[in-house]
Each structure stands twice: as C-alpha cells, then as structure tokens.
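# Per-entry structural report
Here is how the chains run, residue by residue.
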Amino acid sequence: MKNQSVKNNIDWISVIIYAALVVLGWLNIYSSSLLSTDGTYEKQLIFIACTIPLIFIVLFVDGKFYEKYASIIFGVSLLSLAGLFLFGKTIAGQRCWYAIGSFTIQPSEFAKAATSLALAKYLSDSQINLKETNRQIQALAIVFLPVLLILPQPDPGSALIYSIFIVVLFREGLPAWYVWTGFLAILLFVLTLVLEPYVVILISLAVLTIIYFKGRVVDRNLLLSTILLAIISGFVLSVDYVFDNVFKQHHRDRFNILLGKSVDMKGIGYNTNQSEIAIGSGGWMGKGFLEGTQTKGGFVPEQHTDYIFTTVGEEWGFLGSLVVISLFVGLLLRVIYLAERQKTKFSRVYGYCVAGILFTHFFVNIAMVAGIFPTIGVPLPFFSYGGSGLWGFTILLFIFLKMDANKVNEW
C-alpha cells in the first residue's frame, strides 16, 4: 500500500527530467571516451545501472526515517570525511577517495545530502530563531563542519558548493548582512587583484561617504562608518598576502588567467582555451554525434568529467546546449515548486537545499567550461563521469521526491 502510494504520488516530471539528463550524460561520456582504453563509458553504464536499485531503496524507506535519523546520517558523513586523512587514497594530489578494489568512493559527494538533512532537521525545530546569535552559530557550524574536513583534502570545488547553504539560511531568517558581507568580500577580493589596493580603499571611502551623506541626519553614525572603512581597508590590504601565501600556485595561475593578467595557453590555461575552442566550433547545430574533432583528438583534458559540457557544445551545437541547459533549469524550477508546496518545514528546507546544490554545481560548471570562472573541479550533475557524483546527486534528489510523495500522509 505504501509503495503503491509512492508510485502514484511521486513527481514523474522530475523523474523524467532526471532520466533524460542521465541518458544524455552517458551519450556524451561515450563520445568523449570512445577512443580511450580504460573502459570509461562501460564503467559509467555500471554506475547508472546501480542507481536503479539505489532509487528503489531511497523510495522504499519511510519518509520519516530521513528526518528522524538526520543527525546520525550527518555524523556518519563527518566520520567518513575525517577517515580520509587516515585511509583515503590520493589521486592527482587530492586525498578525497576510499579505494574499494578497482573502484573509488568519494564521501564528499554524499555529504551534501547528509548536510542538507541535518540543516533541515535543525531549522525545522519550532524553537529555532535565526535572529538569535547562538542559533546562527549553530546553523553555520552544521554548514562549515564538512567544509573544514573537505578543504584540507584539498578539494576547494566541493567546499565551494556549501556556500549555497547560506542562501537557504537567509531564506529561513538569517540576517541579510551575512549574504551582503560575503558578496562584498568576494567583490573586494577580485577588485584588489585587478586594481591597486589603495585604489580599492579610495573607492570604498567614496561609497561610504555617499551613503553617509545620503542618509537621514538622525541615522548618520560617523563611528560606525569609520569602523567599516577600517575593516574594509584591513581586508583589502590582506588580499595580496592571502593570494601569494595561502593560495597554491595553480589557484593563482587560474585567477590570473581569468582576470587577463597572464596567458599560458600551453600550461594552466590549456584546459580553458581548448574548452572554448571546442564549444565555439560546434556552431548552431553542432558537428554531429561522435563527429567532434576536438573531442576525438583528445584536446580537452578531463573532458568526460568536469569538461563534459564541451562535448555537448561541439557535437550538439548551440541548440543541443540549449536543450541540456533547459532540462537543468526545468529540474531546478520543478524542485523549487515542489519545495514551496511542502506541508512540513523539514521537507521544504531540504527541498531548498537540493535546488541550491544542483544550481551551484550547474552554474559553476558551465561558467568554468565557458572560461568565466576558474577551473576548480566542480562536476555537472548527472552528466559528468563518476559513480560517487551520480549516486550522491541521485540520493539527494530522490530523498526529496520521497518526501514530496509522502506529503499526502502529513498533516
């Protein structure tokens, strides 16, 4: 009876879009790895086959299970991330995987769903008020505990995804100054890399002066404005030190290329340059399935993983790229729509987390491939090669679809 209810009430629109993305993803992985000898597309087909029983397990489990055991799931996820420092396998300088025979598992891909559940569980408590400082600290701790374990691996791409949880917290009552502070910090950081620090400080002084004199006399606070300028100045003056001493060389190179400060088309900028060539060569209609010269020539490194969208652009052209982008946008809008109609706060918040994670992955990956964002290793959901990514995104989405199907039993 319960399984029949899930079958009747599950959102089939989301399921169909999910299936379309997975199939299209495999076709592009097949095209980009056809000439390789490591069996990439065969492995991905196995990963896809494994999602079928995985989906049934997620949907079979009672919807209340995820809420009841959210904290335990989160704790296990944190332990799996911490365990990498002792038992993890290092690949390309990153200690992000557990090796199981010839396969590897990346726990950070599953930690996103676990963190979403934990955050939804915490915020669904009727006593939680995000206007209170101690509640803000507790909520932010849930978000940043995984980040503190992921960054040292090092995996800045996965860590970046967690920034979207701040938007979810804002939606649930977190003061707006958190969001604006983050946005301002990013803006000041980039401006300082482009301009001289003293120029950025002068611009900040001019902006604060305009704000000060435009405000009502009773609202003017010279001390507060002075403190803000001092904080901004300190931040701006620290950017060069952080950039030169905290960031690694390949991170600095990628930022410099993005900002037009250096061009190394044979070194660190090779991926981005070849990606742009591949996408641009596709034109309106593309060169045709299995006909991409950049793809077949192996000019785009990691094309079956982070750069899989270059295959879409080259072989399917602008129209094919538009179809893929439309499917992603359609899924995002559908998840947001479903989240808005949930009867419980737990399900609603979790739905926002799902939409936020998928959007951040989608946006950063496409921007990275198009050369308007640094290359940081963020896969395209349901498209990029990898079992952990596919399974992690599948679990993330279908837990929410289970919650949505179960809402008929909620009061």
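Calculation notes
Residues numbered from 1 in each chain as written. Predicted model: local features only at pLDDT ≥ 70, side-chain atom pairs only at ≥ 80, totals over all residues. Heavy atoms only, no water. UniProt positions renumbered as here; feature names shortened; annotations may be inferred. Helix = DSSP H or I, 4+ residues; strand = E, 2+ residues; numbered from the N terminus. Buried < 20%, exposed > 50% of the residue type's maximum accessible area, 1.4 Å probe, protein only. Contact = heavy atoms within 4.5 Å. Areas by Shrake-Rupley, 256 points an atom, 1.4 Å probe, with all protein chains shown as cover. Phe/Tyr/Trp six-rings, centres within 6.5 Å; stacked < 30°, edge-to-face > 60°. Salt bridge = Lys/Arg side-chain N within 4 Å of Asp/Glu carboxyl O. Core = buried A, V, L, I, M, F, W, Y, C linked by side-chain atoms within 4.5 Å. Axes fitted to C-alpha atoms, helices over the stretch in contact; angles between N-to-C directions. Parallel < 35°, antiparallel > 145°, perpendicular 65-115°, else oblique. Left-handed = near helix turned anticlockwise from the far one by under 90°. Nonpolar A, V, L, I, M, F, W, Y, C, P; charged D, E, K, R; others polar. Patch = residues over 30% accessible without salt bridge, like charges linked within 9 Å, V, L, I, M, F, W, Y side chains within 5 Å. Pairing = 2+ DSSP bridges. Expected span 1.5 Å × (residues − 1).

As named in an unreviewed UniProt entry, the protein is Rod shape-determining protein RodA, taken from Flavobacterium circumlabens. Looking at the protein in UniProt, the text filed under Subcellular location (unreviewed entry) is "Membrane".

We now examine the overall build of the protein. When helices and strands are counted, the protein shows 18 helices and three strands. With 411 residues in all, the protein has 46% of them scored as buried. Relative to all contacts within the protein whose residues are 6 or more apart in sequence, the contacts with residues 24 or more apart total 71%. Summed over its atoms, the accessible surface of the protein is roughly 20,200 Å², and 70% of this surface lies on carbon and sulfur atoms.

Two descriptors summarise a pair of aromatic rings, namely the distance from one centre to the other and the angle between the planes of the rings. Considering all chains together, one arrives at 20 aromatic pairs under this definition. Seen from their ring centres, Tyr18 and Phe382 are 5.2 Å apart, and the 85 degrees between their planes marks the pair as edge-to-face. Within this pair, whereas Tyr18 is found in helix H2 (residues 12-33), its partner Phe382 is found in the loop between helix H17 (345-369) and helix H18 (387-405), the two being separated by 364 residues in sequence. The same class applies to Tyr18 as to Phe382, namely buried. Aromatic rings pair up to connect Trp26, Tyr30, Tyr41, Phe289 and Trp316 into one cluster.

Here the phi dihedral of Phe382 falls at roughly 70 degrees; this positive angle occurs in a residue that is not glycine. Look at Phe382 and you get buried, because its relative accessible area is 3%.

A few words on the pattern of salt bridges. Per the counting criterion, the structure on display carries ten salt bridges. In this structure, Glu67 and Lys64 form a salt bridge, with 4.0 Å as the shortest nitrogen-oxygen distance. Taken as a pair, Glu67 and Lys64 lie in helix H4 (residues 63-68) at a separation of three residues, close to a single helical turn. Residue classification places Glu67 among the partly exposed positions, given a relative accessible area of 22%. For Lys64, a relative accessible area of 41% puts it in the partly exposed group. Linking Glu314 and Lys287 is a salt bridge whose minimum nitrogen-to-oxygen distance equals 3.1 Å. Note that Glu314 is positioned in helix H16 (residues 309-340) and Lys287 in the loop between helix H14 (270-281) and helix H15 (293-296), a separation of 27 residues in sequence.

Counting 89 residues, the largest nonpolar core has Leu169, Tyr350, Phe382 and Phe398 as the members making the most contacts within it. At 13 residues, H17 tops the list of elements feeding residues into this core. Among all residues touching Phe398, those that are not within four sequence positions of it are Ile10, Val15, Tyr18, Ile55, Val58 and Leu59.

The description of two helices packed together rests on the angle between their axes and the distance between the axes. Close contact between helix H11 (residues 197-214) and helix H12 (residues 222-245) brings their axes to 10 Å; oriented N to C, the two are set at 160 degrees. Compared by their axis directions, H11 and H12 come out roughly antiparallel. Seen from above, H11 lies across H12 with right-handed handedness. On H12, the residues touching Pro197, Val200, Ile201, Ser204, Leu205, Leu208 and Tyr212 of H11 are Leu222, Ser225, Leu228, Leu229, Ile232, Ser233, Val236, Leu237 and Asp240. Partitioning the contact of H11 with H12 into residue classes produces twelve nonpolar, three polar and one charged.

In this section: the environment of Leu27. Looking at where Leu27 falls in the secondary structure, it is placed in helix H2. Spatially, the C-alpha atoms of Leu27 and Leu290 are 9.4 Å apart, while their sequence positions differ by 263 residues.

Attention now goes to a nonpolar patch on the surface. Nonpolar side chains collect at one region of the surface, where Ile186, Val190, Val194, Leu195, Ile203, Val207 and Ile211 lie side by side and expose about 580 Å² of accessible area between them. Taken together, the elements giving at least two residues each to the nonpolar patch come down to helix H10 (176-194) and H11. Along the chain, Val207 turns up in helix H11.

Our next topic: the side chain of Ser116. Considering the arrangement of structural elements, one finds Ser116 in helix H6 (residues 107-123). Residue classification places Ser116 among the buried positions, given a relative accessible area of 0%. Residues within four places of Ser116 in sequence aside, it is in contact with Phe165, Tyr350, Cys353, Ile357 and Leu396.

Moving on, we come to the pairing of strand S2 (residues 94-100). Note that strand S1 (residues 89-91) and S2 share three bridges and pair antiparallel. Across the sheet, residue Ile91 finds its bridge partner in S2, namely Gln94. Between the antiparallel neighbours S1 and S2 lie two residues, among them Ala92 with a positive phi of about 55 degrees. As defined by bridge partners, S2 adjoins strand S3 (residues 103-105) across three bridges and the pair is classed as antiparallel.

Here we come to the environment of Ser124. With respect to the helices and strands, Ser124 occurs in the loop between H6 and helix H7 (133-150). Ser124 sits in the partly exposed class, given a relative accessible area of 22%. On a C-alpha basis, the gap between Ser124 and Tyr350 in space is 9.9 Å, while along the polypeptide they are 226 residues apart. The residues contacting Ser124, other than those within four sequence positions of it, are Glu67, Lys345 and Phe346.

As a further point, take H6. With 17 residues, H6 extends 24 Å between its outermost C-alpha atoms, agreeing within 8% with the 24 Å of an ideal straight helix rising 1.5 Å per residue. Across the 17 residues of H6, 15 count as buried, placing the element largely inside the fold.

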